[in-house]
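# Breakdown of the fold
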Amino acid sequence: GVSYKTFAWRSDVLNRLQSKYGSLYRRDNVILSGTHTHSGPAGYFQYTTFVLASEGFSNRTFEYMVNGIMKSIEIAHTNMKPGKIFINKGNVDGAQINRSPTSYLWNPLSERARYSSNTDKEMLLLKMVDLNGDDLGLISWFAIHPVSMNNSNHLVNSDNMGYASYLFEQEKNKGYLPGQGPYVAAFASSNLGDVSPNTLGPSCINTGESCDNANSTCPIGGPSMCIAMGPGQDMFNSTQIIGRIIYEKAKELYASASQEVTGPLASAHQWVNMTDVTVWLNSTHTGKTCKPALGYSFAAGTIDGFGSLNFTQGTTVGDPFWDSLRDQILGKPSEEIKECQKPKPILLHTGELSKPNPWHPDIVDVQIITLGFLAIAAVPGEFTTMSGRRFREAIQEEFATYGMPNMTVVVSGLCNVYTHYITTYEEYQAQRYEAASTIYGPHTLSAYIQLFKVLAKAIATGTVANLSTGPEPPFFKQLINTLIPNIVDRAPTGKHFGDVLQPVNPTYRMGEVVEVVFVGANPKNSAEILTHQTFLTVEKYEATSATWQIVHNDASWETRFYWHKGLLGYSNTTIQWHIPDSAQPGIYRIRYFGHSRKQDLLKAAVIVSFESTSSTFEVVTAL
């Protein structure tokens, strides 16, 4: 998935920060990192591969994201106060499996023998408190893919890491709705490239047998039958189970964190042309990174979500049909790129495609921030388990060589820009999904190690000021506009937006689902005018004060908001409330907040806000 991860807006954010705060926040000390979900809005990353995947570039989404990032930085800046940071780490069990175990086995036996598992189980957590010891927030890193929600999901959802964050914040921000309140719990990505939360592992959905093989394929039905599930009965349940495991470990580490992080702050950042790095493999031999390309197995997808064209993982030979189709539509890949990317059979030679804009980034951010003995290495992609281990160790050694021994290095994934995956050289030979998506070729990891060692040395020797900035990334003016047209919303004759089409029942019990259907309008309109903070509320009547109290919003796990698009601008909105066992008996109602797009002849379109309320209903303990 290339959804909620990618930041072409970094330059935009940095420009706005500079105009507001001067030189306080800069490219070297600001990291933009995706906490990562595959169920987010798309269409804001400027490279053509992603623009095509999201059916066009959406300026509206882009602006909304940049504004949101800016707002969160402004809130943090305003609330800044002296405090302390405590660090803790511990293993999270039962939350992950390696989704390319056969690739992992290509790594040298002597290297694998040093580790007890084919995934990194360690969570590293920073606890932040003020000088009175009162809680401010946390940030933790753990290697797991947020794909508990699979690709059949169409709801905007923050997945397992988001659910962990939600649980922690709900506990710390008592009396606040989700997304509100002072306490922030950030669960960040680490070297999760080959790590899946679908702990039951891959099996053939038609026969039930395991398909944990090098090609992730089933005897009957091929690769599209091979899907990893678990641990719950459905994806919502699995998201909760995995999210809770992560949350419980974070809670435990948070409670017992006693080692204080002290010492100076430092940061180093460079832009690098990743298509042209010469890598020293040893004292006599060099290798080179390549212009970006995606291999055949990229199109296969993974056991967490397969591709739609029946490609197979572990493909090391091209197919004449797809090759000729590609050559006719996009032109032939050069001999140079084919040679450089070997043994990857090239499906898309993105590095040689530049219409209407480059298909993949050439210029990539490398960045390290150090807090005392902790080094946060901001990497622009998804490192596999073993890649992350080699990378951390190399940076640690570099710090030690230049007078900073015992540094703790954390891999912070999906930062600043998105460049897909980074496997080890050995895993690359196997050409499963992660390797096929290692876009700069077999020496990608070695190149990153080399580049990050430069940053570590500069910090350790106090020579950051002498680092070159490197080539600035491009900013594209002409982007493919969204292929999804903005049409006016229409309500059926005699009806208005928000009118109830299917009412609620008068009474419900705990565990039941309240459902109400309204005349709807495109939820995208709400990104343009921020009249409402939520698409929905569940409200309880308080007789003593004769007021309605909001108990849930659209970020609550108990609520779901479905938009059903009809023809010619007609649509319905279904709102569900899955009544939790913790609900108080009483009188409730559900409210819907929307925006419709209206256009009069020869006039510019306007966005009109509306709101609506279901009839009241009673929640009882037993009927």
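Residues numbered from 1 in each chain as written. Predicted model: local features only at pLDDT ≥ 70, side-chain atom pairs only at ≥ 80, totals over all residues. Heavy atoms only, no water.

- By the naming in an unreviewed UniProt entry, the protein chain goes by Neutral ceramidase and is assigned to Sus scrofa.
- The Catalytic activity (unreviewed entry) field of the UniProt record for the protein chain holds the comment "an N-acylsphing-4-enine + H2O = sphing-4-enine + a fatty acid".
- Per UniProt, the comment on the protein chain under Sequence similarities (unreviewed entry) is "Belongs to the neutral ceramidase family." (UniProt positions renumbered as here; feature names shortened; annotations may be inferred.)

### Focus on the sheet that holds strand β28 (residues 571–578)
- What the four strands build is an open sheet, ordered β22-β24-β28-β27; its pairing is antiparallel. In the strand order of this sheet, the two ends are held by β22 (500–502) and β27 (559–565), each with one partner. On average, each strand axis in the sheet is tilted by 30 degrees relative to the strand beside it, whichever way the strands run.
- Sheet topology note: the strand β24 (residues 513–519)/β28 ladder contains seven bridges and is antiparallel. Bridging from a neighbouring strand, Glu 515 pairs with Gln 576 of β28. (Pairing = 2+ DSSP bridges. Helix = DSSP H or I, 4+ residues; strand = E, 2+ residues; numbered from the N terminus. Axes fitted to C-alpha atoms, helices over the stretch in contact; angles between N-to-C directions.)

### Notes on the state of the cysteines
- The tally for this structure, following the rule as stated, stands at three disulfides.
- With a sulfur-sulfur separation of 2.2 Å, Cys 204 is cross-linked through a disulfide to Cys 218. Because the sign of the S-S torsion sets the handedness, a value of about -105 degrees for the bond joining Cys 204 and Cys 218 places this disulfide among the left-handed ones. Residue Cys 204 is found in strand β7 (residues 201–204), and its partner Cys 218 is found in the loop between β7 and β8 (226–229); the two are separated by 14 residues along the sequence. (Disulfide = S-S within 2.5 Å.)

### Some details on the UniProt feature "active site" (unreviewed entry) in the protein chain
- Within the UniProt annotation, "active site" (unreviewed entry) is assigned to Ser 196.
- Checked against the element boundaries, Ser 196 lands in strand β6 (residues 195–196).
- Overall, the relative accessible area of 0% leaves Ser 196 in the buried class.
- Not counting chain neighbours up to four residues away, the residues in contact with Ser 196 comprise Ala 95, Gln 96, Ile 97, Arg 99 and Asp 304.
- One polar contact links the side chain of Ser 196 to the main-chain amide nitrogen of Asn 198, over a distance of 3.0 Å. (Buried < 20%, exposed > 50% of the residue type's maximum accessible area, 1.4 Å probe, protein only. Contact = heavy atoms within 4.5 Å. Polar contact = N/O pair within 3.5 Å; in protein donor to acceptor, adjacent residues only side chain to side chain.)

### Some words on the pattern of salt bridges
- According to the stated counting rule, one finds 31 salt bridges in the structure shown.
- Measuring nitrogen to oxygen at the nearest pair gives 3.0 Å for the salt bridge that ties Lys 288 to Asp 276. Linking Lys 288 in strand β12 (residues 286–288) with Asp 276 in the loop between β10 (265–273) and β11 (278–280), this pair joins segments that are 12 residues apart in sequence.
- Given the relative accessible area of 36%, Lys 288 is considered partly exposed.
- What makes Asp 276 partly exposed here is its relative accessible area of 48%.
- Among the ionic pairs, Arg 597 bridges to Glu 528, the shortest N-O distance being 2.8 Å. On the criterion of sequence distance, the pair formed by Arg 597 in strand β29 (residues 586–598) and Glu 528 in the loop between β24 and β25 (536–542) is long-range, its members being 69 residues apart.
- According to the relative accessible area criterion, Arg 597 is buried, its value standing at 10%.
- Through salt bridges with shared partners, a single ionic network connects Asp 323, Arg 326, Asp 327 and Lys 332. (Salt bridge = Lys/Arg side-chain N within 4 Å of Asp/Glu carboxyl O.)

### Describing the packing of helix α11 (residues 385–401) against helix α14 (residues 444–460)
- Across the interface, α11 lies against α14 with an axial gap of 9 Å and an inter-helix angle of 30 degrees. In terms of orientation, α11 and α14 fall into the roughly parallel class. Both α11 and α14 take part in a crossing whose hand is right-handed. Residues Ser 387, Arg 390, Phe 391, Ala 394, Ile 395, Glu 398 and Phe 399 of α11 pack against Leu 445, Tyr 448, Ile 449, Phe 452, Lys 453, Ala 456, Lys 457, Ile 459 and Ala 460 of α14.
- By residue class, the composition of the contact of α11 with α14 is 11 nonpolar, one polar and four charged. (Parallel < 35°, antiparallel > 145°, perpendicular 65-115°, else oblique. Left-handed = near helix turned anticlockwise from the far one by under 90°. Nonpolar A, V, L, I, M, F, W, Y, C, P; charged D, E, K, R; others polar.)

### So, α14
- The end-to-end C-alpha distance of α14, which contains 17 residues, comes to 24 Å, matching closely the 24 Å that a straight helix rising 1.5 Å per residue would cover.
- Across the 17 residues of α14, 12 count as buried, placing the element largely inside the fold.
- Residues of α14 that are buried include every one of Thr 444, Leu 445, Ala 447, Tyr 448, Ile 449, Leu 451, Phe 452, Leu 455, Ala 456, Ala 458, Ile 459 and Ala 460, and no others.
- Backbone geometry just after α14 places Gly 462 at a positive phi near 65 degrees. (Expected span 1.5 Å × (residues − 1).)

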